[in-house]
Amino acid sequence: EEDDTVDIQLFQDGYVVLTRNGISICGADGNVYSTHVLQYKQPCIKVCGKYILCFDRGSTKWHLLNSFRVLCSGTSAGDIINGAVTEDGYFAICSERTDYKGSVTVYNTEGTELSRWNSVTYLIDAFFTEKSCLTVVSLSSDREKTHTVFTQFNYKKAEAESSVTATDTFPLALSLKDGGS
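A brief look at the structure comes next. In this text the structure is predicted, and so the values were computed from the model without any measurement.

Reading the values: rules and limits
Residues numbered from 1 in each chain as written. Predicted model: local features only at pLDDT ≥ 70, side-chain atom pairs only at ≥ 80, totals over all residues. Heavy atoms only, no water. Core = buried A, V, L, I, M, F, W, Y, C linked by side-chain atoms within 4.5 Å. Buried < 20%, exposed > 50% of the residue type's maximum accessible area, 1.4 Å probe, protein only. Helix = DSSP H or I, 4+ residues; strand = E, 2+ residues; numbered from the N terminus. Contact = heavy atoms within 4.5 Å. Pairing = 2+ DSSP bridges. Axes fitted to C-alpha atoms, helices over the stretch in contact; angles between N-to-C directions. Phe/Tyr/Trp six-rings, centres within 6.5 Å; stacked < 30°, edge-to-face > 60°.

1. Digging into the nonpolar core
No. 1: Core analysis: the largest hydrophobic core is formed by 14 residues, its most contacted members being V104, V106, L123, F128, L134, V136 and F153.
No. 2: Of all elements in the fold, only strand 9 (80-85), strand 10 (91-95), strand 11 (102-107), strand 13 (122-130) and strand 14 (133-141) reach the threshold of two or more residues within this core.
No. 3: Top element by residues in this core is strand 13. It accounts for 3 residues.
No. 4: Once you skip the residues sitting within four places of it in the chain, L123 turns out to touch I81, C94, S95, G102, S103, V104, W117, V136, V137 and S138.

2. What about the sheet that holds strand 14?
No. 1: If you trace the 4 strands from one edge of the open sheet to the other, you get 13-14-15-16, paired in antiparallel fashion. The open sheet is flanked by strand 13 and strand 16 (159-166), the only strands paired with a single partner. The sheet shows a mean angle of 25° between the axes of neighbouring strands, taken without regard to direction.
No. 2: Inspection of the sheet shows strand 13 paired to strand 14 by 7 bridges, in the antiparallel sense. The residue of strand 14 that forms the bridge with F127 is T135.

3. Some points on the packing of aromatic side chains
No. 1: Per the counting criterion, the structure on display carries 6 aromatic pairs.
No. 2: Considering the side-chain rings of W62 and Y107, the 5.0 Å spacing of their centres and the 45° angle between planes classify their relative orientation as tilted. Of the two residues, W62 sits in strand 7 (residues 61-65) while Y107 sits in strand 11, which places them 45 residues apart along the sequence.
No. 3: By relative accessible area, W62 is classed as buried at 2%.
No. 4: Judged by centre distance (5.6 Å) and plane angle (90°), the ring pair of F128 and Y155 falls under edge-to-face. In this pair, F128 is assigned in strand 13 and Y155 in the loop between strand 15 (146-154) and strand 16, connecting sequence segments 27 residues apart. Note on accessibility: F128 and Y155 belong to one class, buried.

Below you can see the structure in the form of structure tokens.
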């Protein structure tokens, strides 16, 4: 029998097991507390506090869950690139757009869209950095070099507040350290 586990993430006092067919929330003792069928082709999860964001990379489906139930679900305007979730249950979906190179949409725990930011650069990731702010990571290029662009997006005001470009760089890994750096 082939193991179809895609990802395992720590969650509260236990862990979450993600497969192509769904998600299981388990306690530290290994007991399964809840299981949800999702049917994703390229499943991804992001975990923060008591929330789990599941999405199908390259498709448009997403779900926000807590330990025992699906809180909301929906579809993005374009194929999903990546996602992020906060301890308050706010979450962001980065997706492809035909009229822009990508967009980031921020939702609340009910799945209501709070704001959207359209990017003129190619989105690769986003993560919440401080109250009401999301750092969006994207790539731009000229004829000879690729550049990494970090844009600070205030999702309550629905506007980009600042942007920094790292010239001739390509990120291999991104992480948010304690203290927000």
